[in-house]
Amino acid sequence: DPAPDRRPPPGHRGRRHRGVVTAWNAKAEELFGWSTALAVGHPVGERVRAPSHGSVDRSAAILASVLDGGSWRGYLRVERPDGSAATIWASITPLRDDTGAVVGAVGAAEDVSRQRALEREAADLSEHLRLAIEAGGLGTWRWHADTGLVVWDEPLEAMFGLAPGGFDGSFDTWVSMLHPDDRDAVLAAVEEAVAARAGYRFDHRIVRPDGSVRWIEGRGRVTVDDGEVTGTI
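These remarks concern the structure in this document. (Residues numbered from 1 in each chain as written. Predicted model: local features only at pLDDT ≥ 70, side-chain atom pairs only at ≥ 80, totals over all residues. Heavy atoms only, no water.)

## Details of the overall build of the protein chain
As a reminder of what qualifies: We count a stretch as a helix when DSSP gives it H or I for four or more residues in a row; a strand needs E for two or more, and each element gets its number in order from the N terminus. C-alpha atoms define the radius of gyration, and 2.2 Å times the number of residues to the power 0.38 defines the globule rule. Relative accessibility decides the category of a residue: with a 1.4 Å probe and only protein chains considered, values under 20% of the type maximum give buried, values over 50% give exposed, and everything between is partly exposed. Note on definitions: a residue-residue contact is assigned when non-hydrogen atoms from the two residues lie within 4.5 Å.
Of regular secondary structure, the protein chain possesses eight helices and eight strands. By the compact-globule yardstick of 17 Å for 233 residues, the protein chain is too spread out, its C-alpha radius of gyration being 30 Å. The principal-axis extents of the C-alpha atoms in the protein chain amount to approximately 90 × 50 × 35 Å. Within the protein chain, the fraction of its 233 residues that count as buried is 29%. Expressed as a percentage of contacts within the protein chain between residues at least 6 apart in sequence, the contacts between residues at least 24 apart total 38%.

## Looking at helix α8 (residues 183-196)
Given 3.6 residues per turn, any residue in an α-helix points the same way as the ones three and four places further on. To keep it simple, the criterion reads: Here the expected length of a helix is defined as 1.5 Å per residue gap, with one fewer gap than residues.
For α8, which comprises 14 residues, the first-to-last C-alpha distance of 20 Å matches the rise-based estimate of 20 Å (1.5 Å per residue) to within 8%. Contacts from the buried residues of α8 go to α7 (171-177), β6 (199-207) and β7 (213-225). Taken from the residues just after α8, arginine 197 is the one with a positive phi, measuring 50°.

## Some words on unusual backbone geometry
Note: most residues except glycine have negative phi, and most peptide bonds are trans. Unusually for a residue other than glycine, arginine 197 sits at a positive phi of about 50°. By the element assignment, arginine 197 lies in the loop between α8 and β6. Exposure remark for arginine 197: the relative accessible area of 41% places this residue in the partly exposed category. Here the phi dihedral of aspartate 226 falls at roughly 55°; this positive angle occurs in a residue that is not glycine.

## Observations concerning the environment of proline 81
On the secondary structure map, proline 81 appears in the loop between β1 (72-79) and β2 (85-96). Proline 81 has contacts with Phe32, Gly33, Trp34 and Arg49, leaving out every residue within four places of it along the chain.

## Focus on the side chain of histidine 204
Note that histidine 204 resides in strand β6. We classify histidine 204 as buried; its relative accessible area is 3%.

## Brief notes about the pairing of β6
Definition in use: DSSP bridges decide pairing: two strands pair if at least two such bridges lie between them.
Side-chain alternation along β6 places Tyr200, Phe202, His204 and Ile206 on a buried face and Gly199, Arg201, Asp203, Arg205 and Val207 on a face that remains uncovered. The antiparallel pairing of β6 with β7 creates a hairpin that spans five residues between the two strands, and glycine 211 there sits at a positive phi of about 95°.

Honestly, it's all geometry; don't read function into it.
Below, the structure written as C-alpha cells:
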C-alpha cells in the first residue's frame, strides 16, 4: 500500500505551537525593548506589539497568516514598553516539523525608523516644492552633465510654446529656441556659473515654434557632487 499522506490539511496549525516566544537575541532586546528574560515564554503579540487598525490586531493577524503556512514581509510600526515606537522591516516565515505541519514561526527584523522618516520628509518637501511651483506659475528643468540630457516639466514646455512631451531633451534644442540677439549672453552666463560652481539669473528672449517672442526670467544653480559638476537645475 502507498504510504499515508502526512501533509497537514489546509489551514492546519501545528499543535505544538503555543504562540509564545522561544528565542530572543540581543538585537531583539534593543529593537522591541524587552529583555530576553521578559520575552521568552510570553505571547508573541505582547512582546511584538503593533498598533491596531480599527478592530484588527495587526500582530495577531500577521502571526495567524504565517501559522496558516504563508510568509509575511513588510513594514510594521511597533510599540515598546517605555512608550517609544519604531518602524521596522520584518520577514516572518513558518517553521515546519518533519510531517510538514507548521509548529512555529521565525522572524528577522531591522529598525528602519530613520530611513522611513527621511522618506516622509523628502516626500513632504517634494510636495511643498510642487505647490510653490504651481502657485508661482514656474517651469523647471534639469540638465545632466554626464549624459547631456535636459529634462523639462510641462509648465516650462508650455512657456516655450511646446505641447506636453514636446521637448526632445536636447541641450541644442533649447539653444536653438533662444533669441539670436540674446543667445551668446545666455550661454556665457551658464558657462561662467558652471566654471564657478555658482547660481545664475538672467532675463532673455525666446522664439517659440510659431515665431512669437517671449521674455523669460531664468534662475539656475549648478549641482555638484564630490567636487564635480553634475549639471544644473
